[in-house]
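Reading the structure
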Amino acid sequence: AQSVTQLGSHVSVSEGALVLLRCNYSSSVPPYLFWYVQYPNQGLQLLLKYTSAATLVKGINGFEAEFKKSETSFHLTKPSAHMSDAAEYFCAVTVIEGTYKYIFGTGTRLKVLA
Amino acid sequence: ETGVTQSPTHLIKTRGQQVTLRCSSQSGHNTVSWYQQALGQGPQFIFQYYREEENGRGNFPPRFSGLQFPNYSSELNVNALELDDSALYLCASSFGRARTDTQYFGPGTRLTVL
């Protein structure tokens, strides 16, 4: 079965510091992986997606993620955190079970300290 | 191009009642998916509709049902509400059913069951 695991339900970083949010996947087929961000009381917004092209994927707001097959990882990074990055981040993998659907991780809440 | 919209934003129901949530997809998007997001959790897939037919379903009982209309709108109906149905309900639309298709999420409807 395909799944994603997000390590760390809460991450705190100082403004200007590196952001690293971890996601590991389990998949018996080549995975398609996504990172979404959710601000309070809002829906999910796509940050970036991996669809088997380049392993280093650049997204919006300065975020990027690297697909590492050997480590079954798809960690999200940003070189310098901004206060506006404070939000919940979800990693997701698409599965085909009749139709395609997202399987989401449990989320990581990012707190940015001034 | 308008985004995905949902109505109402909030509602409160009592146990045993029925509720209908509505979603308006982006124009041209043939696929709509519905997710339930309990507090502190990632979204859980309920079902998906493609061109007005159910195209896949998650582990939700039959009292969760849906409709998709030709005008890119859709509904999620929940009968015999239970306390555990309290959650944020998200709809997401996409152009097609490919695994690489990006799903665009609405802001959600927060349902409280008392």
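Here the structure is shown first, and the text comes after it.
I will try to describe carefully the structure that is included in this document. (Residues numbered from 1 in each chain as written. Chains lettered and ligands numbered in written order. Predicted model: local features only at pLDDT ≥ 70, side-chain atom pairs only at ≥ 80, totals over all residues. Heavy atoms only, no water.)

As for the overall build of chain A
Tallying secondary structure elements over chain A gives zero helices and 11 strands in all. Taking 13 Å as the expected radius of gyration for a compact globule of 114 residues, we find that chain A reaches 14 Å, a close match to that expectation. Along the first, second and third principal axes, the C-alpha set of chain A runs to 45 × 30 × 20 Å. Put simply, chain A has 114 residues, and 46% of those count as buried. Sequence separation of 24 or more characterises 55% of the internal contacts of chain A that already satisfy a separation of 6 or more. Between the centroid of the 9 positive side chains of chain A and the centroid of its 7 negative side chains there is a distance of 2 Å. (Helix = DSSP H or I, 4+ residues; strand = E, 2+ residues; numbered from the N terminus. Rg over C-alpha atoms; globule rule 2.2 N^0.38 Å. Buried < 20%, exposed > 50% of the residue type's maximum accessible area, 1.4 Å probe, protein only. Contact = heavy atoms within 4.5 Å. Lys, Arg positive; Asp, Glu negative; His and termini not counted. Charge placed at Lys NZ, Arg CZ, Asp CG, Glu CD.)

Observations concerning the pattern of salt bridges
Residue and element names in this part refer to chain A. Under the definition given, this model contains seven salt bridges over all chains. Between aspartate 85 and lysine 78 there is a salt bridge, with the nearest N and O atoms lying 2.9 Å from each other. Owing to a relative accessible area of 3%, aspartate 85 belongs among the buried residues under this scheme. Residue lysine 78 is classed as buried on the basis of its relative accessible area of 10%. (Salt bridge = Lys/Arg side-chain N within 4 Å of Asp/Glu carboxyl O.)

Considering the interface of chain A and chain B
On the chain B side, the residues contacting the 26 residues of chain A number 25 residues. Where chain A packs against chain B, one counts zero salt bridges. Here chain A and chain B share five residue pairs in polar contact (both at pLDDT 80 or more) between them. Secondary structure elements with two or more residues in the side of chain A that touches chain B: strand E4 (33-38), strand E5 (44-50), strand E9 (87-97) and strand E10 (99-104) of chain A. (Polar contact = N/O pair within 3.5 Å; in protein donor to acceptor, adjacent residues only side chain to side chain.)

Description of the environment of A:Ser84
Residue and element names in this part refer to chain A. With respect to the helices and strands, serine 84 occurs in the loop between strand E8 (73-78) and E9. Using a relative accessible area of 46% as the deciding quantity, one classes serine 84 as partly exposed. The spacing of serine 84 and valine 112 is 28 residues in sequence and 8.2 Å in space, taken between C-alpha atoms. Here histidine 82 takes part through its side chain, which lies 2.8 Å from a polar atom of the side chain of serine 84.

Structural notes on the state of the cysteines
Residue and element names in this part refer to chain B. Counted by the stated rule, this structure contains two disulfides over all chains. Linked covalently through their sulfurs, cysteine 23 and cysteine 91 form a disulfide whose S-S length is 1.9 Å. Since a negative S-S torsion denotes a left-handed disulfide, the cysteine 23-cysteine 91 link at about 70° is right-handed. Here cysteine 23 is found in strand E3 (residues 19-24), whereas its partner cysteine 91 is found in strand E9 (residues 87-94), with 68 residues between them in sequence. Grouping residues by exposure puts cysteine 23 and cysteine 91 together as buried. (Disulfide = S-S within 2.5 Å.)

Considerations on the layout of surface pockets
Residues and elements named next belong to chain A. Looking at the largest pocket, its volume works out to about 220 Å³. For the lining of the largest pocket, the residue count by class is six nonpolar, six polar and three charged. There is about 160 Å³ of room inside the second largest pocket. Sort the elements by how many residues they give to the lining of the second largest pocket and E10 lands first, with four residues. Its residues placed into classes, the lining of the second largest pocket shows six nonpolar, three polar and one charged. (1 Å grid on protein atoms, 1.4 Å probe; cavity = no way out; pocket = protein on both sides within 12 Å on 5 of 7 lines; lining within 4 Å. Points joined across faces, edges and corners; volume = space filled by probe spheres on them. Nonpolar A, V, L, I, M, F, W, Y, C, P; charged D, E, K, R; others polar.)

Focus on the sheet that holds E3(B)
Residue and element names in this part refer to chain B. Taken in spatial order, the four strands line up as E1-E3-E8-E7 in an open sheet, and their pairing is antiparallel. Pairing within the sheet leaves two strands with one partner each, and these edge strands are strand E1 (5-7) and strand E7 (64-68). Averaged over all adjacent pairs, the angle separating strand axes in this sheet is 20°, with direction ignored. Pairing between E7 and strand E8 (residues 73-78): five bridges, direction antiparallel. Looking at the pairing, serine 65 lines up with asparagine 77 of E8. (Pairing = 2+ DSSP bridges. Axes fitted to C-alpha atoms, helices over the stretch in contact; angles between N-to-C directions.)

Honestly, that's just the spatial picture; any functional story needs more than this.
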